[in-house]
Amino acid sequence: MNPYVEAGYTAVSCSLGGYAIFLGVRSRQVRLRLAQLRASAQRADGSLEDA
Amino acid sequence: MSRNAKLKRGVGITALVMIALTFWLGLYVTPPAEVMGNLVRMLYIHPPMAWIAYLAYGITTAASLLYLWKRTRRREWDLIAAASAEAGVFFTGLTILTGSIWGRPAWGVWWTWDALLTSTAVLFLLYLGYLALRQVPMSETKRGVRSAIAALVAFIDVPIVHESVYWWKTLHQTPSVLNPSLNVEVHGSMAWTLLLGFVAFTMAYVWMVWTRYETSKRQAELADLEVERAIRERLSVEEVSL
Amino acid sequence: MVRTAIAMAKKDLRLEWRARVLINQVLPFVFVVIILFAFGFDAKVEILGQVTPGLFWVTSFFGLELAIARSVGIEGENQAQVGLVMMGVNPRGMFLGKVFAVVVEMLALEAVLSVGIAVLFNTPLHEVPLLALSALIADIGVTTVGIVLAGVTEGLSGSLLPLLLFPVVSPVLLSATKVWQYGLSGSLAKAVPWSELLVGFSLIYLVLGILVYGVVLEG
């Protein structure tokens, strides 16, 4: 196979993969953090009601 | 998992499978071209990248317009515009990269100041500026309006840049990209592979924008919640001290 | 609208006349750029003569960028712009006034710059009316977009404006460079299509600026 073609396909797959992983990890981080905050907010509301 | 999340995962997996299929067809199944030989295989990845870059900028413009128009102004449009521009810059970068890798064996240079290449480079810079503007901290509405204007100016500029650079480079010499000897007759399995490539990368683009949009929407929510929490903590501290 | 524009232009020009930012800072800076180019090209007069049109416009772009940033910056001081918007001053008039003031300032600067280049790079100036006219039109093109984008980046870091502005106005700079190239070499016929292109681009930017500036003020 032509080395340029190989380089081209490798570059495209690495960039696409890299960007997708970056997006996925970021999305997961934000999702977890949001769930955490929401839970603590609910707890705070609950404790206020108890008081 | 919500229906939305399932649908998004479906799009992502379809994109992955289709890209793998495109690569397999492009690298192993399709025949090498008569003049260009195996180099023709770049054809299956380079044009789809360019197409998606344009698609992405089109969507950024549409979303920016919807944001600027007061009756349809919503945070969502701004976030979609941003997500799409980011994907656009990414694919423009890949267009330039794959074009460069094609150019080296085809014309003997990595880069030439040809009309198409120059205008693509300017396009890349235009939206890089847009993304840089978005990175600066400011209030949400301010950022929304300002970046929408920048997106609008950039989009109107695309044909102007193209026209001027085309004139600049073609008034006295023939453009090297349109060199007739490099024109490829696309037929049979090649056409199908190319078509599949377009669809596959478009799916990947949809997944990217979707994920990016959801993340930034959650980030905005997160910021709101954090402000709330800070206020609450402040209040409880004051209560204790009272 | 016209009255607002005249008032605005008068105000900006008077402010410039009193503060002398252009003469004291921008003009010396522009000459710094010229000397840098001379260093960059090893002070070879043959090369410098060939690339004079391009160098002139690159240098002018730097000057324009500074003048535009200054023009929009003064509106940010003491919240002057907020006051104007509150008073319901016609945004189109404001826009045209600001553009007019910057273009006048730049023409003055470019006149000095072109003489400087002619002497330092040993390039005799031919077809001065054509050069001046194309400079006027190109300045209008760059300034209209510049005022809009400077409004967009107002109050943010200073390095954003050139990044946003340069790619957008590159067609104008390109056409102006071409007109200057043919103007300086005396081949007027070749300069005609580029002049037309230049007029077209600047007109588009002018109309775009007039339409968009109201929204910029809102942001």
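Conventions adopted
- Residues numbered from 1 in each chain as written.
- Chains lettered and ligands numbered in written order.
- Predicted model: local features only at pLDDT ≥ 70, side-chain atom pairs only at ≥ 80, totals over all residues.
- Heavy atoms only, no water.
- Helix = DSSP H or I, 4+ residues; strand = E, 2+ residues; numbered from the N terminus.
- Expected span 1.5 Å × (residues − 1).
- Contact = heavy atoms within 4.5 Å.
- UniProt positions renumbered as here; feature names shortened; annotations may be inferred.
- Buried area = accessible area lost by both parts, 1.4 Å probe.
- Salt bridge = Lys/Arg side-chain N within 4 Å of Asp/Glu carboxyl O.
- Polar contact = N/O pair within 3.5 Å; in protein donor to acceptor, adjacent residues only side chain to side chain.
- Core = buried A, V, L, I, M, F, W, Y, C linked by side-chain atoms within 4.5 Å.
- Buried < 20%, exposed > 50% of the residue type's maximum accessible area, 1.4 Å probe, protein only.
- 1 Å grid on protein atoms, 1.4 Å probe; cavity = no way out; pocket = protein on both sides within 12 Å on 5 of 7 lines; lining within 4 Å.
- Points joined across faces, edges and corners; volume = space filled by probe spheres on them.
- Nonpolar A, V, L, I, M, F, W, Y, C, P; charged D, E, K, R; others polar.
- Axes fitted to C-alpha atoms, helices over the stretch in contact; angles between N-to-C directions.
- Parallel < 35°, antiparallel > 145°, perpendicular 65-115°, else oblique.

Chain B goes by Heme exporter protein C in an unreviewed UniProt entry, where it is assigned to Ferrimicrobium acidiphilum.

Chain A is annotated in an unreviewed UniProt entry as Heme exporter protein D from Ferrimicrobium acidiphilum.

Q: Explain helix α3 (residues 75-107) of chain B to me, and be specific about the residues and the numbers.
A: Here α3(B) is 33 residues long and its end C-alpha atoms lie 46 Å apart, about the 48 Å a rise of 1.5 Å per residue gives. A positive phi of about 85° marks B:G108, the residue just after α3(B).

Q: Outline the side chain of B:T60, listing residues and values.
A: Mapped onto the elements of the fold, B:T60 is located in helix α2 (residues 46-68). For B:T60, the residues in contact, after removing those within four places along its chain, are B:A81, B:S84, B:A85, B:Y130 and B:A151.

Q: Hey, could you go over the UniProt feature "transmembrane region" (unreviewed entry) in chain A for me, with residue numbers and the actual values?
A: According to UniProt, the feature "transmembrane region" (unreviewed entry) maps to residues 6-25 of chain A in the numbering used here. Annotated as residues 6-25 of chain A, this span is 100% helix and 0% strand, and its ends, taken at the C-alpha atoms, are 28 Å apart.

Q: Outline the interface of chain C and chain B, listing residues and values.
A: Taken together, the contact between chain C and chain B spans 29 residues of the former and 28 residues of the latter. Around 2600 Å² of area is buried between chain C and chain B when both sides are counted, 79% of it from carbon and sulfur atoms. Linking B:R146 and C:E154 is a salt bridge whose minimum nitrogen-to-oxygen distance equals 3.8 Å. On inspection of chain C and its partner chain B, the count reaches 3 residue pairs in polar contact (both at pLDDT 80 or more). Contributions of two or more residues to the side of chain C that touches chain B are made by α6 (128-152), α7 (160-185) and α8 (188-218) of chain C. With 11 residues, the top contributor of residues to the side of chain C that touches chain B is α8(C).

Q: Just give me the short version of the nonpolar core, but keep the residues and values in it.
A: Counting 136 residues, the largest nonpolar core has B:F91, B:Y127, B:I149, B:F201 and C:I68 as its most contacted members. Broken down by element, the residue count for this core peaks at 13 residues, all from α7(C).

Q: Can you explain the UniProt feature "transmembrane region" (unreviewed entry) in chain B? Please cite residues and give values.
A: Residues and elements named next belong to chain B. On the UniProt side, "transmembrane region" (unreviewed entry) is annotated at positions that read residues 12-29, 49-68, 80-103, 115-133, 145-168 and 188-210 here. Between the first and last C-alpha atoms of residues 49-68 the distance is 29 Å; the span itself is 100% helix and 0% strand. Between the end C-alpha atoms of residues 115-133 the distance is 27 Å, and the span holds 100% helix and 0% strand.

Q: So what's going on with empty space enclosed by the protein? Residues and values would help.
A: Residues and elements named next belong to chain C. Applying the stated criterion across every chain yields a total of 4 cavities of 30 Å³ or more. Roughly 60 Å³ of internal volume is contained in the largest cavity. Lining the largest cavity, in full, are D12, L15, E16, A67, R70, S71, I74 and E105. Going through the elements one at a time, α1 (2-19) and α3 (45-76) are the ones with two or more residues in the lining of the largest cavity. Per-element accounting of the lining of the largest cavity gives the leading share, 4 residues, to α3. Of the residues in the lining of the largest cavity, the class split is 3 nonpolar, 1 polar and 4 charged.

Q: Could you give an account of the arrangement of the chains, with specific residues and numbers?
A: Summarising the chain contacts, 2 pairs of chains touch, and the pair with the most contacts is chains A and B. No part of chain A reaches chain C; the closest C-alpha pair between them is 24 Å apart.

Q: Describe the packing of α6(C) against α7(C), naming the residues involved and giving the relevant values.
A: Residues and elements named next belong to chain C. Relative to each other, α6 and α7 sit at 175°, their axes nearing to 10 Å. Between α6 and α7, the angle falls in the class roughly antiparallel. Taking contact as the criterion, the partners of L130, L131, S134, A135, A138, V142, V145, G146, L149 and A150 in α6 are, on α7, L161, L164, L165, V168, V169, V172, L173, A176, V179, W180, G183 and L184. Of the residues assigned to the contact of α6 with α7, the class counts are 19 nonpolar, 3 polar and no charged.

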